[in-house]
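# Overview (structure and organization)
What follows is each chain in one-letter form.
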Amino acid sequence: MTTWLFSFPEQAGFASQLLAAQGSLPAAGWQQGDMEMRRFPDGESYIRIDSDVRQCDVAILCQLHQPDNKLVPLLLLADTLRDLGARRVGLIAPYLAYMRQDKRFRAGEGVTSHYMARLLSAHLDWLLTVDPHLHRISDLQQIYSIPARSLTAVEPMAAWIRAHVERPLVIGPDSESEQWAASVARAAGCPWEVLQKTRFGDRSVTVSLPHVTHYREHTPVLVDDIISTGKTMIQTAAHLQAAGLCAPVCMAVHGVFADGALADMQQHGLQVVTSNSIADPSNKIDLAPLIARALLSV
Ligand code: R5P
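Residues numbered from 1 in each chain as written. Predicted model: local features only at pLDDT ≥ 70, side-chain atom pairs only at ≥ 80, totals over all residues. Heavy atoms only, no water.

All right, on to the site of the ligand then. Taken together, 15 residues are adjacent to the ligand, and Glu176, Asp224, Asp225, Thr229 and Thr232 come closest. A distance of 2.7 Å is found between an oxygen atom of the ligand and a side-chain nitrogen or oxygen belonging to Glu176. Protein chains shield 94% of the accessible area of the ligand, which is 380 Å² for the free molecule. Mapped onto the shell around the ligand, the elements with two or more residues apiece are β11 (196–201), β13 (219–227) and α6 (231–242). When its residues are assigned to classes, the shell around the ligand shows 2 nonpolar, 5 polar and 8 charged. (Near = heavy atom within 4 Å. Polar contact = N/O pair within 3.5 Å; in protein donor to acceptor, adjacent residues only side chain to side chain. Areas by Shrake-Rupley, 256 points an atom, 1.4 Å probe, with all protein chains shown as cover. Helix = DSSP H or I, 4+ residues; strand = E, 2+ residues; numbered from the N terminus. Nonpolar A, V, L, I, M, F, W, Y, C, P; charged D, E, K, R; others polar.)

For strand β1 (residues 3–7), the buried fraction is high: 5 of the 5 residues fall into the buried class. In β1, alternate side chains face the same way, and those of Thr3, Leu5 and Ser7 on one face and Trp4 and Phe6 on the other are all buried. Note that β1 and strand β2 (residues 30–32) share 3 bridges and pair parallel. The residue bridging Thr3 from the neighbouring strand is Trp30, located in β2. Both β1 and strand β5 (residues 57–61) contribute to a ladder of 5 bridges, which runs parallel. Counterpart to Phe6 in the pairing with β5 is Ile60. (Buried < 20%, exposed > 50% of the residue type's maximum accessible area, 1.4 Å probe, protein only. Pairing = 2+ DSSP bridges.)

Our focus in this paragraph is the packing of aromatic side chains. The description of an aromatic ring pair rests on the distance of the ring centres and on the angle between the ring planes. On inspection of all chains with the given rule, the structure shows 1 aromatic pair. Positioned above the aromatic ring of Phe40, the side-chain terminus of Arg38 is 5.7 Å from the ring centre. Positioned above the aromatic ring of Tyr46, the side-chain terminus of Arg38 is 4.2 Å from the ring centre. (Phe/Tyr/Trp six-rings, centres within 6.5 Å; stacked < 30°, edge-to-face > 60°. Lys NZ or Arg CZ within 6 Å of the ring centre and 35° of its normal.)

A separate point is helix α8 (residues 288–295). Within α8, 6 of the 8 residues are buried, which leaves the element mostly enclosed by the surrounding structure. What α8 keeps buried is the set Ala288, Leu290, Ile291, Ala292, Ala294 and Leu295.

Right, let's get into the domain arrangement of the protein. Taken domain by domain, the protein holds domain 1 (3–152 + 286–295) and domain 2 (154–276). Between domain 1 and domain 2, the C-alpha centre-to-centre distance is 28 Å. Listed per partner, the contact involves 15 residues of domain 1 and 12 residues of domain 2. Where domain 1 abuts domain 2, roughly 1300 Å² becomes buried across the two surfaces, and 52% of that area is made up of carbon and sulfur atoms. When the area that domain 1 buries against domain 2 is broken down by residue, the three leading residues are Tyr95, Asp131 and His133, summing to 35%. Counting the contacts that link domain 1 with domain 2 gives 0 salt bridges. For the side of domain 1 that touches domain 2, a count of residues per class yields 7 nonpolar, 5 polar and 3 charged. (Domains from an automatic or database assignment. Contact = heavy atoms within 4.5 Å. Buried area = accessible area lost by both parts, 1.4 Å probe. Salt bridge = Lys/Arg side-chain N within 4 Å of Asp/Glu carboxyl O.)

So, in structure tokens, the structure goes:
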């Protein structure tokens, strides 16, 4: 029985990498599904499926960066596939959005990570993602009612550090980043430190540096799950350099890069390394082999 992979048009490149990565795995059998997805002149979504999905397993590839434009077509695509007879319809979302609003920080706010989980669970049969922002939620299964599996980019990130950085010191810019920083450092076989960050608003943070001055001979590698405005990385790098360390490599799983953040970071002389969960010139870490292996057991 064919298992189909349908990708959003802007993710065709990642879909090809995924299918190519499967080529080296035994018993992998996903094939590219054909569909037309476009907007009507009034902005509504048009979807037409060209592959025969009856009784088949189907995966949709859609990273959820800038999610509000993608969610309606995603849900309509999932419903169309099921309506045409697909047996199971899953979602591969290398970047899973709406994970940071995981509590009501201020009275009256929505806990949108929970609502998003409910919405996706209502339209899909399974979810596969990479390093979702699990902080106050420790497991996706706490909010998703479908099987929701999170993979981690720790190994490929550590491999990049081992191959490219001399005498690395991994630094997590805040306590939330500790889970990634510690795991990446252990896998890379290098020391690590976690700093204290205070956030004053969407675009304003300060960072404290307890022990890092012991590491002036090392190359700092800042490791976080997400770079959004880049302020966390820029502020941390400035403090490290003021403390006498050299310019850090800034590494994150997901380069969200709001408001021209990548250019901003580059203007500050920072080297930026991200995975291809969101396509960007800073991508150096390929997640396709990781996801292709995981697809063997969905
Ligand atoms: C925070 O919860 C995340 O782990 C990142 O530290 C944060 O999203 C980075 O944001 P920004 O790039 O806007 O400072």
